[in-house]
Amino acid sequence: MEALAKAHTNIALIKYWGKRDETLFLPMNSSLSITLDAFYTTTSVEFCSCLKSDMFVLNGNLTNEEETKKISNFLDKVRALAGVNLHAMVSSVNNVPTSAGFASSASGFAALALAATKAIGLDIDHSIVSRIARQGSGSACRSVYGGYVEWEKGVAADGSDSYASPIMDGEAWDLSILSVMVDSRNKKVLSREGMKRTVDTSPFYSGWLDTVEEDLEIAKGAIINRDFGLLGKVVEANALKMHATTLGADPPFTYFQGATLDVMEAVKQMRAEGVPVYFTIDAGPNVKVLCQPENEAYVQKVLAAIPTVQSIYLCHPGPGAKVLSRSSLSGTSKKMLNQFHHHSCTN
Ligand code: 2P0
């Protein structure tokens, strides 16, 4: 009982910020993202009666008990759904450089949800895979689909209506997303902790909730109409509103650093010169810059000249999660995933 799957990271245009249920990963608000082409996770899952416990191999190394426990807890949900009680060997390769400022949890849990449900014999559609992926990491439910994706927050207490669905294919509208890495010194407030502290203590959080659904409707309309100026404007404003909530938290915090502001300023300067370019920022100091493909070379050149910018990764819309065959693997992924491929038993 084995399957292999691949899923790409995503970047939120309208942010997921705050949970109404931490156990089920139910969000306070709906969100909207673009799945990216450049970064992905490939995961194999093999359930077998000869395994005495779950094992998790990440980038070719067997992980410790704590990391394995997170995967086991997630697999428990898949086992419960399938009514199967077998342990699994899970092997994942992240083609997501940690230095790129993208969390690998979105691509990681999307790939795991697809590989595990397939391996255990569940024949389910992507909306159910998305609902399962959500329970590993919220943003993972969006990585199940390619292109432009909406995660509807849902209203049901059991989370049955909280999953992602595609709005539009990436090929229907190409955009350039530049991930701009800056000098990073501060200790991070993890997004999970940051959103919780904000929900619990920030008086600005209600302001976030007041406008986020309207922002999402505007962004969705802008995508359908390929209105880049309108999309950029609402994306940038939405990110700033999310970050504003953190300043009101107790204790207060911010993800911005000096270098973050340098990039934001450069984007505004280019815009003042007539180049349509906008930024968004997640739970860290790096900046994601959005522009149209015809301007990407110029935007990259301007950003690369900022002294506090370390590196820039260029992305475009990417595909949804897919089941793969082992024979389609190549390079490092093939080597790492085959290293722990479980051949030894005859079950
Ligand atoms: C997002 N972020 O929409 C938002 C914007 C960060 C800022 O989703 O606790 O790793 O695992 O559900 O999905 C990052 O949070 O959090 C995130 P959990 P997740 O992309």
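That block above? That's the structure.
Residues numbered from 1 in each chain as written. Predicted model: local features only at pLDDT ≥ 70, side-chain atom pairs only at ≥ 80, totals over all residues. Heavy atoms only, no water.

Enquirer: How would you sum up unusual backbone geometry? Please name residues and give values.
Expert: The amide bond that connects Asp 250 to the next residue, Pro 251, takes the cis arrangement and shows omega of -5°. Following the sequence through the fold, Pro 251 ends up in the loop between helix H6 (228-247) and helix H7 (258-272). For Asn 59, which is not a glycine, the phi torsion comes out positive at approximately 50°. Inspection of the secondary structure puts Asn 59 in the loop between strand E5 (55-58) and strand E6 (61-62). Residue classification places Asn 59 among the partly exposed positions, given a relative accessible area of 30%. Of note in this structure, Arg 226 is not a glycine but carries a positive phi near 50°. Position of Arg 226 among the secondary structure elements: in the loop between helix H5 (205-224) and H6. Judged by relative accessible area, which is 39%, Arg 226 ranks as partly exposed. (Helix = DSSP H or I, 4+ residues; strand = E, 2+ residues; numbered from the N terminus. Buried < 20%, exposed > 50% of the residue type's maximum accessible area, 1.4 Å probe, protein only.)

Enquirer: Any chance you could break down the packing of H7 against helix H8 (residues 296-304) for me, citing the residues and the numbers?
Expert: Look at H7 against H8: their axes get within 10 Å of each other, and the N-to-C directions meet at 140°. With respect to H8, the element H7 is oriented oblique. Seen along the crossing, H7 lies across H8 with a hand that is right-handed. Residue-level inspection shows Val 263, Ala 266, Val 267 and Met 270 of H7 in contact with H8, the latter providing Tyr 298, Val 299, Val 302 and Leu 303. (Axes fitted to C-alpha atoms, helices over the stretch in contact; angles between N-to-C directions. Parallel < 35°, antiparallel > 145°, perpendicular 65-115°, else oblique. Left-handed = near helix turned anticlockwise from the far one by under 90°. Contact = heavy atoms within 4.5 Å.)

Enquirer: So, the site of the ligand: which residues are in play, and what are the values?
Expert: Close to the ligand lie 16 residues; Tyr 16, Lys 19, Ser 137, Ser 139 and Arg 192 are nearest. For the ligand, an oxygen atom lies 2.6 Å from a polar atom in the side chain of Ser 137. Here an oxygen atom of the ligand sits 2.7 Å away from a polar atom, N or O, in the side chain of Arg 192. Look at the ligand: alone it shows 460 Å² of surface, and the protein chains cover 92% of it. The leading source of residues in the shell around the ligand is helix H4 (residues 191-201), at three residues. (Near = heavy atom within 4 Å. Polar contact = N/O pair within 3.5 Å; in protein donor to acceptor, adjacent residues only side chain to side chain. Areas by Shrake-Rupley, 256 points an atom, 1.4 Å probe, with all protein chains shown as cover.)

Enquirer: Any details on H6? Residues and values, ideally.
Expert: The periodicity of an α-helix, 3.6 residues per turn, causes residues three or four positions apart to be oriented the same way. When the terminal C-alpha atoms of H6 are compared, their 29 Å separation across 20 residues agrees well with the 28 Å that a helix rising 1.5 Å per residue should span. Taken together, the buried positions of H6 are Phe 228, Leu 231, Gly 232, Val 234, Val 235, Glu 236, Asn 238, Ala 239, Met 242, His 243, Thr 245 and Thr 246. Looking at the packing, one finds that the buried side of H6 touches strand E1 (2-14), H4, H5, H7, strand E11 (277-280) and strand E12 (287-291). (Expected span 1.5 Å × (residues − 1).)

Enquirer: How would you summarise the side chain of Ser 30 if you had to cite specific residues and measurements?
Expert: For Ser 30, the position within the fold is in the loop between strand E3 (26-27) and strand E4 (31-48). Since its relative accessible area comes to 5%, Ser 30 is described here as buried. In terms of polar contacts, Ser 30 uses its side chain to reach the backbone amide nitrogen of Lys 153, at 3.0 Å. Setting aside residues up to four positions removed in sequence, Ser 30 forms contacts with Ile 14, Lys 15, Trp 151, Glu 152, Lys 153, Val 212, Glu 213 and Leu 216.

Enquirer: Hey, could you go over the nonpolar core for me, with residue numbers and the actual values?
Expert: Formed by 70 residues in total, the largest nonpolar core has its most connected members in Val 45 and Leu 231. Per-element accounting of this core gives the leading share, nine residues, to helix H2 (residues 105-119). Counting residues in each nonpolar core, the second largest holds 21 residues, with Ala 266, Val 277, Ile 281 and Cys 291 among its members. (Core = buried A, V, L, I, M, F, W, Y, C linked by side-chain atoms within 4.5 Å.)

Enquirer: Residue-level account of the environment of Ala 297, with values.
Expert: Position of Ala 297 among the secondary structure elements: in helix H8. For Ala 297, a relative accessible area of 57% puts it in the exposed group. Expressed as a C-alpha distance, the spacing of Ala 297 and Ser 176, which sit 121 residues apart in the sequence, is 9.9 Å.

Enquirer: Explain the environment of Ala 157 to me, and be specific about the residues and the numbers.
Expert: Examined against the element boundaries, Ala 157 turns out to sit in the loop between strand E8 (148-152) and strand E9 (163-168). Owing to a relative accessible area of 67%, Ala 157 belongs among the exposed residues under this scheme. Taking C-alpha positions, Ala 157 is 8.4 Å from Asp 21, a pair spaced 136 residues apart along the chain. Discounting residues that sit within four places of it in the chain, Ala 157 has contacts with Asp 21, Leu 24 and Leu 26.

Enquirer: Tell me about the pattern of salt bridges, residues and numbers included.
Expert: Tallied over the entire structure, the rule returns 14 salt bridges. The partner of Arg 326 in a salt bridge is Glu 2, and the shortest N-O contact between them spans 2.6 Å. With a gap of 324 residues between them, Arg 326 in the loop between strand E14 (322-324) and helix H9 (331-339) and Glu 2 in strand E1 connect regions that are remote in the sequence. Looking at Arg 326, the relative accessible area reads 19%, which means it is buried. By relative accessible area, which is 38% here, Glu 2 ends up partly exposed. Salt bridges sharing common partners tie together Lys 15, Asp 282 and Lys 288. (Salt bridge = Lys/Arg side-chain N within 4 Å of Asp/Glu carboxyl O.)

Enquirer: Please set out the pairing of strand E7 (residues 87-95) residue by residue, giving values where relevant.
Expert: Bridge count for E4 against E7 is nine bridges, and the pairing is antiparallel. Each residue of the ladder has a partner; that of Cys 48, found in E7, is His 87. Across four bridges, the pairing between E5 and E7 is parallel. Each residue of the ladder has a partner; that of Met 55, found in E7, is Met 89. (Pairing = 2+ DSSP bridges.)

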